[in-house]
Amino acid sequence: MHYLFEPGLFSSGPVGTALLVGAVVAVTSGVIGVFTVLRGQSFAGHSLADVATTGGSGAFLVGINQFWGFLAAGIAAAALMEAIGVQRRRGRDVATGVVLGAALGAAALFLYLGTLRTSTTGASFTVLFGSIFVISPDTVPALLAAGLVALLVVAVLARVLLLTAVSPDLARARGVHVRLAGVAYLAALAVSVSLAAVAIGAVLSTALLIGPPATALRVTKSPGRAMAVSALAGLAATWLGIVLAYDSYYWPPHGHGWPVSFFVVVLVLLGYLLSFARPRRRRPPRSPHEEDDCGPAVSGSQTVLGRTHV
Amino acid sequence: MSELASALLELDGVGVRLGGRQVLSDVSFSLGRGEFTGIIGQNGAGKTTLLRVILGLVEPSGGRVLLDGEPLHGKARGRIGYVPQKLVIDPDMPLRARDVVSLGLDGSRLGFSLPSRRRRELVDRTLDGVGAAGYADARVGELSGGEQQRVLIAHALIGRPRLLLLDEPLANLDLRSEQEIVAVLARLSREHQISVLLSAHDMNPLLGVMDRIVYVAGGRAATGSTDEVVTSAGLSRLYGHHVDVVRVHGRVLVVAGE
Amino acid sequence: MFSPLMMNTWIAGSVVAVVAGITGYFAVLRGSTFAAHAIPNGAFAGAAGASLLGINVIWGLAAFAVGGALGIGLLGGEGRGRGARNDVVTALALVVMLGLGGLFVSFGTQYAEETYSLLFGEVFGVSRGEVLPILGLGLVSAAAIGVAFRPLMLTSALPEVAEARGVSTRRADIYFLLVMALATSMTVPVVGALLIFSLMIGPAAAARSVTPRPGTALALSVMIALATVWLSIALSYRTNWPLGFFVGSIGAAFYLIGLTARGMGDRRIRSA
């Protein structure tokens, strides 16, 4: 146990902050990730992550905390996606790819200009690969609040989002504002991506939004339980990742810890692979012509004589 | 049906204009309690459009729709149970049949529902009523077409509607499942005195259970009993060109004439 | 900007553009946009690892790119015939590759600069030592496509017909993925792993919007890619702004121009 909890782990300030922020990130991503899968909008998460790169770089250039850049860019992109009508299920498009390429190019520019301006060099790494150990304590309340708001929005819309996932037509017929709910959900997703970007970097953030939910889907059938499992899986990966990253300070190369994001994404993948250990029983498709009954199943010959008795 | 009882649903001279085209004009029919009516027509004839007008999703360009004697407005939605045509759902989705049915109670309300024994029993009873109790805990995406239809019917039913509206429930089903669904609907209609209004492109599976047919063609509709409406002369008038109605072994075929 | 010092840059850039234009054309034809994202991201880890070990980055790129290509090809193929089942594993594996690259980079001292150059490109630092491998790999990639041009076209455009004629689409898939891996290893040092997609797919998609004729579209794809890279080098030289920024923006601009050109062409045909 000593090797897992190296000296100083529990008294370290940055570690405490990391654990707290990590928890918020994991729970938010885990829950919202399940809705993302239900709505078939995983590509939206990818796109928002790329846009977040641009936002974080821009924030660095302008001199504000990267989180606000991630968030602003994410919300703007979410609004744009809604305006263009990208809410329906859509695969990865050439058009989106090219547009995102331009966004990443802009990120390159912002990082370059920002590095010139401030003559600090670390931003290229922290924007892309996370900065969970160097979060300034005054940002923490904002991060917590953002996560709570996103969770609240999703909690309020839970039933409506589930109904829309079953059938948007049906939801509309029941009086649901499908489009409005979709926009609110996209905004919550943007917040979730921004939080994940702070923790493990914009480029790796999708791991927390895809992995734990996918793991949960293999393990449980109920939506509520899927969200719980997803949040727990994300939490386990994040906390264990933080602990290992702290411990890695003592590993080679000495005096220089390994990045938290590396551990987190590896653990997320491992968690998903572990879920294959318990094979999911696939329901055998019911053959419509096997089992009972008399005579040919030809429509009309029996029903025309009177109501069919059941 | 008695003329004195006010109709549950009444369409009077309803017309619909979509994309600059007059899709439907002067459609009139009424539906009483516990009646079973089929909207029959070819693909593209306007059946789904008609259903969407009744659901309040499409504004009619003329005429009126009355539900229980009142024009359609938001609250009417509670009285209509809508069963959409098909679910396009991944087999992986964490949504069981019972989850879908449970959403029928309050899926359009904000917030989330806490599990309770009463809710669970109600869901179980409703699923049993449509013969779907055997797969209540299966993922909806893994169910066959007929099984999904039953789950969707249960979803619509649990809210105790007065009218069940189904959009092409028999499309994409094999013959056996077709028969089963029709039988389920007929029984529900009888047992709970629920009116059933569904659309189909083939009237044959419904011949034994329909009280009334609304035949849609050429942008117009003819209403009445099957024998009244489905005649060579009548349908030719509707279509605007000659069609022959052929009855073979109790089945009805509509074929284009020369 | 045409000094002898810059010649390496112009040569490397041109070779990269030609290869990206050709490979990208087939990628768009086959719908392999996923592979065009995935292979460079995987290669990033190889590049970072090679850099850590002190060997030429290109070999690390090549090793991981080829490995990734084989992995994708054997797990489920690419292009439109891809099964959706492996999506989560491939997506997570990709992210792990990126994370691994981040790990390797973090061991070095110049980790921010290196992250930047591997992900966003760095053409001006192309030394003579790197120009030769780029040229070599470029020739090999071009030759590989030239040799297999007809089967590639057939399996890309009409896979069922190809199968009926005895041309294995599976083998064509893997072949093409390997070509992409080669192309990736030579283009990433110049344009960066995150921006390769813009250079490969943007010009090719623009070309295809303008004309469906294969020969013309292929040539146009190469020309647009060359134009993109040349403009980017010139502008980057003038402003000192990063090359990747110009590649991303100009690539997107050409794509939008292609779309509008098609829109206007369609309207003209319709009103005729």
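Reading guide: rules and limits
- Residues numbered from 1 in each chain as written.
- Chains lettered and ligands numbered in written order.
- Predicted model: local features only at pLDDT ≥ 70, side-chain atom pairs only at ≥ 80, totals over all residues.
- Helix = DSSP H or I, 4+ residues; strand = E, 2+ residues; numbered from the N terminus.
- Rg over C-alpha atoms; globule rule 2.2 N^0.38 Å.
- Buried ≥ 20, exposed ≤ 12 C-beta atoms within 10 Å, placed from the backbone.
- Contact = placed C-beta atoms within 7 Å.
- Nonpolar A, V, L, I, M, F, W, Y, C, P; charged D, E, K, R; others polar.
- Axes fitted to C-alpha atoms, helices over the stretch in contact; angles between N-to-C directions.
- Parallel < 35°, antiparallel > 145°, perpendicular 65-115°, else oblique.
- Left-handed = near helix turned anticlockwise from the far one by under 90°.
- Expected span 1.5 Å × (residues − 1).
- Arc of directions from axis to C-beta.
- Pairing = 2+ DSSP bridges.
- Core = buried A, V, L, I, M, F, W, Y, C linked by C-beta atoms within 7 Å.
- pLDDT = per-residue confidence, 0-100.

So, on to the overall build of chain C. In terms of helices and strands, chain C carries 12 helices and zero strands. The order of helices and strands in chain C, counted from the N terminus, is α-α-α-α-α-α-α-α-α-α-α-α. Here chain C has a C-alpha radius of gyration of 18 Å; the compact-globule value for 272 residues is 19 Å, and the two agree. Each principal axis of the C-alpha distribution contributes one length, and for chain C these read about 60 × 40 × 30 Å. Of all 272 residues assigned to chain C, the portion counted as buried reaches 56%. The long-range fraction of contacts in chain C, counting pairs at least 24 apart against all pairs at least 6 apart in sequence, stands at 76%.

Turning our attention to the overall build of chain A. Of regular secondary structure, chain A possesses 11 helices and zero strands. Helices (α) and strands (β) of chain A occur, in sequence order from the N terminus, as α-α-α-α-α-α-α-α-α-α-α. Considering chain A as a whole, with its 310 residues, one finds that 56% of them fall into the buried category. Pairs at least 24 residues apart make up 77% of the contacts formed inside chain A by residues separated by at least 6 positions.

Here we come to the interface of chain C and chain A. Contacts between chain C and chain A engage 40 residues on the former and 37 residues on the latter. Counting only elements with at least two residues in the side of chain C that touches chain A, the list comes to helix 2 (33-53), helix 4 (87-107), helix 5 (111-120), helix 10 (196-210) and helix 12 (243-271) of chain C. Taken together, the residues of the side of chain C that touches chain A sort by class into 28 nonpolar, 11 polar and one charged.

A few words on the packing of helix 9 (residues 206-219) of chain A against helix 10 (residues 223-247) of chain A. Residues and elements named next belong to chain A. Interaxial distance between helix 9 and helix 10 falls to 8 Å at its minimum, and their mutual angle equals 130°. By the angle between their directions, the pair helix 9 and helix 10 is classed as oblique. As for how helix 9 packs across helix 10, the hand of that crossing is right-handed. Between helix 9 and helix 10, the contacting residues are Leu208, Pro212, Pro213, Thr215, Ala216, Leu217 and Val219 on the first element and Ala226, Val229, Ser230, Ala233 and Gly234 on the second.

Residues and elements named next belong to chain B. Along the chain, the position of Gly34 falls in the loop between strand 2 (21-31) and strand 3 (36-40). On the neighbour-count criterion, Gly34 (17 C-beta atoms within 10 Å) is partly exposed. Taking the C-alpha atoms as reference points, Gly34 and His192, separated by 158 residues in sequence, lie 7.8 Å from one another. Not counting residues within four places of it along the chain, the set of residues in contact with Gly34 comprises Ser189, Gln193, Ile194 and Ser195.

Let's shift gears to helix 3 (residues 117-129) of chain B. Residues and elements named next belong to chain B. The end-to-end C-alpha separation of helix 3 is 18 Å, in line with the 18 Å expected for 13 residues at 1.5 Å each. Within the sequence span of helix 3, burial applies to Val123, Thr126 and Leu127. Buried residues of helix 3, seen end-on, are gathered within an arc of 100° and therefore sit on one face of the element. Every exposed residue of helix 3 that faces more than 90 degrees away from the buried side is listed here: Arg117, Arg118, Glu121 and Arg125. Where helix 3 is buried, its residues meet helix 2 (97-106) and helix 4 (145-157). With its phi angle positive at about 75°, Gly131 sits one or two positions after the end of helix 3.

Within a beta sheet, neighbouring strands are joined by backbone hydrogen bonds and run either parallel or antiparallel to one another. All names here are of chain B. The six strands lie next to each other as 6-7-8-3-9-10, forming an open sheet whose pairing is mixed. At either end of the open sheet lies a strand with only one pairing partner, and these are strand 6 (80-83) and strand 10 (220-224). Averaged over all neighbouring strand pairs, the angle between strand axes comes to 15°, with direction disregarded. Judged from the five bridges that link them, strand 3 and strand 8 (residues 195-200) form a sheet pairing that is parallel. Opposite Ile39, over in strand 8, you have Ser199 as the bridge partner. Against the sheet, helix 7 (residues 232-239) makes contact with strand 9 (212-217) and strand 10, and its axis sits at roughly 40° relative to strand 9, the strand it touches most.

All names here are of chain B. Pairing is antiparallel in the open sheet, where four strands are placed in the order 2-1-4-5. The strands lining the two open edges of the sheet, one partner per strand, are strand 2 and strand 5 (70-71). When strand 1 (residues 9-18) meets strand 2, the two strands line up antiparallel, connected through seven bridges. The residue of strand 2 that forms the bridge with Leu11 is Phe29. On top of the sheet, helix 1 (residues 47-55) reaches strand 1, strand 2 and strand 4 (62-67); it is set at about 120° to strand 1, its chief contact.

It is characteristic of soluble globular proteins that their nonpolar side chains tend to be buried jointly. Grouped together as the largest cluster of nonpolar side chains are 282 residues, with contacts concentrated most on A:Val265, B:Leu165, B:Tyr215, C:Val16 and C:Leu92. Dropping the residues within four chain positions of it, B:Leu165 is found in contact with B:Leu51, B:Ile54, B:Leu55, B:Ile80, B:Gly81, B:Tyr82, B:Val83 and B:Leu197.

Let's shift gears to the environment of B:Leu87. For B:Leu87, the location among the structural elements is in the loop between strand 6 and helix 2. Distance in space between the C-alpha atoms of B:Leu87 and B:Arg187 is 24 Å, their sequence separation being 100 residues. For B:Leu87, the residues in contact, after removing those within four places along its chain, are A:Val166, A:Ser167, B:Val140 and B:Gln148.

Okay, the packing of helix 11 (residues 260-274) of chain A against helix 4 of chain C next. Between two packed helices, the angle of one axis relative to the other and the distance separating the axes together describe the packing. With their axes 8 Å apart at the nearest point, helix 11 of chain A and helix 4 of chain C run at an angle of 155° to one another. When the axes of helix 11 of chain A and helix 4 of chain C are compared, the pair comes out roughly antiparallel. The element helix 11 of chain A and its partner helix 4 of chain C pack so that their crossing is left-handed. Contacts between helix 11 of chain A and helix 4 of chain C pair A:Ser261, A:Phe262, A:Val265, A:Val266, A:Val268, A:Leu269 and A:Tyr272 from the former with C:Val88, C:Leu92, C:Ala93, C:Val95, C:Val96, C:Gly99, C:Leu100, C:Gly102 and C:Leu103 from the latter. Its residues assigned to classes, the contact of helix 11 of chain A with helix 4 of chain C comprises 13 nonpolar, three polar and no charged.

What follows is about the pairing of strand 12 (residues 251-256) of chain B. All names here are of chain B. With zero of six residues buried, strand 12 is to be regarded as a mostly surface element. Judged from the six bridges that link them, strand 11 (residues 243-248) and strand 12 form a sheet pairing that is antiparallel. Residue pairing for strand 12: Val246 is matched across the bridge by Leu253. What sits between the antiparallel neighbours strand 11 and strand 12 is a turn of two residues, in which His249 has the positive phi angle 50°.

Here we take up the confidence of the model for chain A. For chain A, per-residue confidence averages 83 on the pLDDT scale, and residues scoring 70 or more make up 84% of the total. Taken as a whole, residues 287-310 of chain A scores under 50 in pLDDT and shows 40 contacts with residues more than four places along the chain or in a different chain.

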